[in-house]
Amino acid sequence: DGGITQSPKYLFRKEGQNVTLSCEQNLNHDAMYWYRQDPGQGLRLIYYSQIVNDFQKGDIAEGYSVSREKKESFPLTVTSAQKNPTAFYLCASCGGKGQPQHFGDGTRLSIL
Amino acid sequence: GESVGLHLPTLSVQEGDNSIINCAYSNSASDYFIWYKQESGKGPQFIIDIRSNMDKRQGQRVTVLLNKTVKHLSLQIAATQPGDSAVYFCAENRATGFQKLVFGTGTRLLVSP
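Note that the structure is predicted; figures quoted are calculated from it, not measured.

J.: What should I look at first to understand the environment of Leu66(B) in this one?
T.: All names here are of chain B. Mapped onto the elements, Leu66 comes out in strand E7 (residues 62–67). C-alpha separation for the pair Leu66 and Ser52, spaced 14 residues apart in sequence, amounts to 7.7 Å. Once residues within four sequence positions are removed from consideration, Leu66 is found in contact with Tyr25, Phe33, Ile50, Arg51, Ser52, Met54, Asp55, His72 and Leu73.

J.: What should I look at first to understand the pairing of strand E5 (residues 43–51) of chain A in this one?
T.: Within a regular strand, the side chains alternate between the two sheet faces. All names here are of chain A. Of the pairings in the sheet, the one linking strand E4 (residues 31–37) to E5 comprises six bridges and is antiparallel in character. Note on E5: the bridge partner recorded for Tyr33 is Tyr48. With antiparallel pairing between neighbouring strands as the criterion, E4 and E5 make up a hairpin whose turn holds five residues, including Gly40 at a positive phi of roughly 70°. Adjacent in sequence and paired antiparallel, E5 and strand E6 (residues 54–57) are bridged by two residues, among which Asn53 carries a positive phi angle near 70°.

J.: What should I look at first to understand the interface of chain B and chain A in this one?
T.: One frequent convention defines the size of an interface as the accessible area lost when the parts assemble. If you look at the interface, chain B gives 24 residues, while chain A gives 25 residues. Carbon and sulfur atoms make up 56% of the surface buried where chain B meets chain A, a total of about 1800 Å² over both sides. By the criterion of area lost to chain A, the three top residues of chain B are Phe98(B), Gln99(B) and Phe103(B), representing 33% of everything that side buries. Here chain B and chain A share zero salt bridges between them. In this assembly, chain B and chain A are joined by eight residue pairs in polar contact (both at pLDDT 80 or more).

J.: Looking at this structure, how should I read the layout of surface pockets?
T.: Empty space among the atoms becomes visible once a probe the size of a water molecule is rolled across them. Estimates place the volume of the largest pocket at around 450 Å³. Only strand E9 (87–94) of chain A together with strand E9 (86–93) and strand E11 (107–112) of chain B provide two or more residues apiece to the lining of the largest pocket. The biggest single contributor to the lining of the largest pocket is E9(B), with three residues. Of the residues belonging to the lining of the largest pocket, the class tally is seven nonpolar, 10 polar and five charged.

J.: So what exactly am I meant to see when it comes to the sheet that holds strand E7 (residues 64–66) of chain A here?
T.: Pairing between the strands of a sheet is mediated by backbone hydrogen bonds and can be parallel or antiparallel. All names here are of chain A. Read across the sheet, four strands follow the order E1-E3-E8-E7 without closing on themselves; strand pairing throughout is antiparallel. The strands lining the two open edges of the sheet, one partner per strand, are strand E1 (4–7) and E7. On average, each strand axis in the sheet is inclined to that of its neighbour by 20°, with strand direction left out of account. Bridging between E7 and strand E8 (residues 76–78) involves three bridges; their strand directions are antiparallel. Paired with Ser65 across the bridge in E8 is Thr77.

J.: What exactly am I supposed to notice about the state of the cysteines here?
T.: Defined simply, a disulfide is a covalent bond joining two cysteines at their sulfur atoms. Residues and elements named next belong to chain B. Applying the stated criterion across every chain yields a total of two disulfides over all chains. Between the sulfur atoms of Cys23 and its disulfide partner Cys90 the distance amounts to 1.8 Å. Residues Cys23 and Cys90 are joined through a disulfide that is right-handed, its torsion about the S-S bond being 50°. Of this pair, Cys23 sits in strand E3 (residues 19–25) while Cys90 sits in strand E9, and the two are 67 residues apart along the sequence.

J.: Sorry if this is basic, but what is going on with unusual backbone geometry here?
T.: Negative phi values dominate among residues other than glycine, just as trans dominates among peptide bonds. Residue Pro8(A) is bonded to the preceding Ser7(A) through a cis peptide linkage, with omega at -5°. Within the secondary structure layout, Pro8(A) lies in the loop between E1 and strand E2 (10–13). A positive phi angle is found at Asn28(A), which is not glycine, with a value near 60°. Summarising the element assignment, Asn28(A) is placed in the loop between strand E3 (19–25) and E4. Of note in this structure, Lys71(B) is not a glycine but carries a positive phi near 55°. Along the chain, Lys71(B) falls in the loop between E7 and strand E8 (72–77).

Cut-off values and rules
Residues numbered from 1 in each chain as written. Chains lettered and ligands numbered in written order. Predicted model: local features only at pLDDT ≥ 70, side-chain atom pairs only at ≥ 80, totals over all residues. Heavy atoms only, no water. Helix = DSSP H or I, 4+ residues; strand = E, 2+ residues; numbered from the N terminus. Contact = heavy atoms within 4.5 Å. Pairing = 2+ DSSP bridges. Buried area = accessible area lost by both parts, 1.4 Å probe. Salt bridge = Lys/Arg side-chain N within 4 Å of Asp/Glu carboxyl O. Polar contact = N/O pair within 3.5 Å; in protein donor to acceptor, adjacent residues only side chain to side chain. 1 Å grid on protein atoms, 1.4 Å probe; cavity = no way out; pocket = protein on both sides within 12 Å on 5 of 7 lines; lining within 4 Å. Points joined across faces, edges and corners; volume = space filled by probe spheres on them. Nonpolar A, V, L, I, M, F, W, Y, C, P; charged D, E, K, R; others polar. Axes fitted to C-alpha atoms, helices over the stretch in contact; angles between N-to-C directions. Disulfide = S-S within 2.5 Å.

Here is the structure:
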């Protein structure tokens, strides 16, 4: 089945630690996105990538970093500079401007 | 600020009723709109989309209506079922050469048997 796989489903971070969230897609989509979702709120864009080896900051990029070395992969690193990392993180991909974004099932990050 | 918002945070209906979820958007230049359904602990699931050159689109049990005059979007679900219980988000695309969605805060739909 084609789709987006996020791992792990649950992740815990210690103080001062960087953690990396995985996102893999086999939909052959050029564009990929990372969102953060807090309780009772909509999705906020962290980073997005239109094509391999290129990415742009979204609305809340501070404390996060990404890479896009392969078309199918778009990992997100939550750095120690992100002071409030507890949230539900969602990855999406899209085949083009007039097409819907497809989402993975998210990673829930908590602080130990 | 720019936003996509919803009129009702929670909508409670009886099984078999028709449900209508509303969304107001702020950017008249937005050209593409999407409705998503999100169940607890899962990612948003695509329901239906509509382009700005249309005012109505129908899917299986769902209809999206777009009123560009008042910048209003609605999702109608016919014969609502308990499995329809979820949070529903609208999203609008504002980017001109690339898709960049802005999401509303969501409406929770509760369907009672």
